[in-house]
Amino acid sequence: MRITALAGGVGGARFLRGLLAAAPNATVTVIGNIGDDMTMHGLRICPDLDTVMYTLGGGIHEEQGWGRTEETFGVADELKAYGVGPDWFTLGDKDIATHLVRTQMLGAGYPLSEVTEALCTRWELPVRLLPSTDDRVETHVVVDDAEAPGGRRAVHFQEYWVRMHAPDARAIVSVGVESAKPAPGVLEAIAEADVIVLPPSNPVVSIGTILDIPGIRRAVADAAAPVVGLSPIVGGGPVRGMADKVLAAVGVEVSAAAVAEHYGADLLDGWLVDADADTGAVARVEAAGIACRAVPLMMSSPQATQAMAQAALDLAAELAAAKAAAARTATGSASD
Ligand code: GDP
Ligand code: CA
């Protein structure tokens, strides 16, 4: 079975671990978000790709959910001694090695997809990790700022989230997205998949950014495989992070049902909502033309996460079987 998943950082990576446990024999391709990427101290940093790589490669700081295990901060301490900021973003020494390799390879002319493949080789990753694009696309967030002309200013997503702790957002801008192209292998992985999964990653600044790269949303919508997503919103709020703020910025209600409607029935075939908090959302999602099931959606343990992934695969299998039966009926009646 070929599974293709779109993924952000921490939420996506945790879910992917459960997916690999649920489908140990599957060939899994992960299309990663690059909208959070930035350059700092001359280093190119890809937080979401690295979170997936470290998590699936066994190098993640488990409690934190991002960054390296047993990390040290010698470089950060020295920078502080020099008075060199920014003080809101600390890079660990081990993490810096990843960014050095990436920056050096990019500088030598390799596209991000090849750089990512090279980095992942070291980690013997059990999936193929593809950046959604080799082009530079950066998520910026428009926030209120009384001192700025017009009372608003746009900041890089990392500054919005890490330095500002996600104040109310007015708009989300994907800088450079219009001219970006899907990275090599992305459209093929979508077209050739048996199942397409949207993990409970941020629907705006993770999965939304991937889908907005010209060609990707259409490829997912047109794919032969069933597309099943899991709600990152449980009981009217994000489990962690700032999905509530960025959903509000794009005019979407913060609920499990509204996120499904936002993706839309042209994209999604199936949707999972949380059984404890959101069974009431099932009828509304189904009314939008999307098959919906309520199952436990908290990634509180590896077992719970595996069960979530299994539920997504079960729903996909059910949808594929229904589609095949409908096709048989159609051809049957045509030959009658
Ligand atoms: P990021 O790039 O590190 O922000 O990670 P993602 O975009 O991949 O995932 C962030 C989303 O994961 C947030 O919107 C959370 O609500 C969601 N999330 C995190 N943990 C859980 C969980 O246990 N269950 C569900 N359903 N969603 C979760
Ligand atoms: Ca992210």
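The rules we used
Residues numbered from 1 in each chain as written. Chains lettered and ligands numbered in written order. Predicted model: local features only at pLDDT ≥ 70, side-chain atom pairs only at ≥ 80, totals over all residues. Heavy atoms only, no water. Core = buried A, V, L, I, M, F, W, Y, C linked by side-chain atoms within 4.5 Å. Buried < 20%, exposed > 50% of the residue type's maximum accessible area, 1.4 Å probe, protein only. Helix = DSSP H or I, 4+ residues; strand = E, 2+ residues; numbered from the N terminus. Domains from an automatic or database assignment. Polar contact = N/O pair within 3.5 Å; in protein donor to acceptor, adjacent residues only side chain to side chain. Contact = heavy atoms within 4.5 Å. Axes fitted to C-alpha atoms, helices over the stretch in contact; angles between N-to-C directions. Parallel < 35°, antiparallel > 145°, perpendicular 65-115°, else oblique. Left-handed = near helix turned anticlockwise from the far one by under 90°. Donors = N, O, S within 2.8 Å, 3.2 Å for Na, K, Ca; no water.

Draft legend 1. Seen up close, the nonpolar core. Among the nonpolar cores identified, the biggest contains 99 residues, and Tyr160, Ile190, Tyr263 and Trp271 are the most heavily contacted of them. For this core, the element with the highest residue contribution is helix H13 (residues 302-335), accounting for eight residues. Residue assignment places this core across two domains, with domain 1 (2-135 + 179-335) and domain 2 (138-175) each supplying three or more. Residues Met38, Ile45, Phe89 and Ile96 belong to the second largest nonpolar core, which totals seven residues.

Draft legend 2. Focus on the side chain of His99. With respect to the helices and strands, His99 occurs in helix H4 (residues 93-107). A residue is classified by how much of its surface remains accessible, and His99, at 0% relative accessible area, is buried. Only 3.2 Å separates the side chain of His99 from the side chain of Arg102, close enough to count as a polar contact. In contact with His99, other than residues within four places in its own chain, are Leu43, Arg44, Ile45, Asp50 and Leu91.

Draft legend 3. Fine view of the packing of helix H2 (residues 47-57) against helix H5 (residues 112-123). Close contact between H2 and H5 brings their axes to 10 Å; oriented N to C, the two are set at 20 degrees. Taken together, the axes of H2 and H5 are roughly parallel relative to one another. Here H2 and H5 pass one another in a crossing that is right-handed. From H2, Leu49, Met53, Tyr54 and Gly57 reach across to H5, where they touch Leu112, Thr116, Leu119, Cys120 and Trp123.

Draft legend 4. The packing of H2 against H4, seen in detail. The N-to-C vectors of H2 and H4 enclose an angle of 120 degrees; their axes lie 12 Å apart at closest approach. Looking at the two axes, H2 sits oblique to H4. As for the relative orientation of H2 and H4, their crossing is right-handed in sense. Residues Asp50, Met53 and Tyr54 of H2 lie in contact with H4, whose contacting residues are Asp95, Thr98, His99 and Arg102.

Draft legend 5. Focus on the coordination of the calcium ion (ligand 2). Coordination of the calcium ion (ligand 2) by the protein comes from Asp36 (OD), Asp48 (OD) and Asp48 (OD), over a distance range of 2.0 to 2.5 Å. Residue Asp36 is found in the loop between strand S2 (27-32) and strand S3 (38-40), and its partner Asp48 is found in helix H2; the two are separated by 12 residues along the sequence. Classification of Asp36 as buried rests on a relative accessible area of 6%. Using a relative accessible area of 7% as the deciding quantity, one classes Asp48 as buried.

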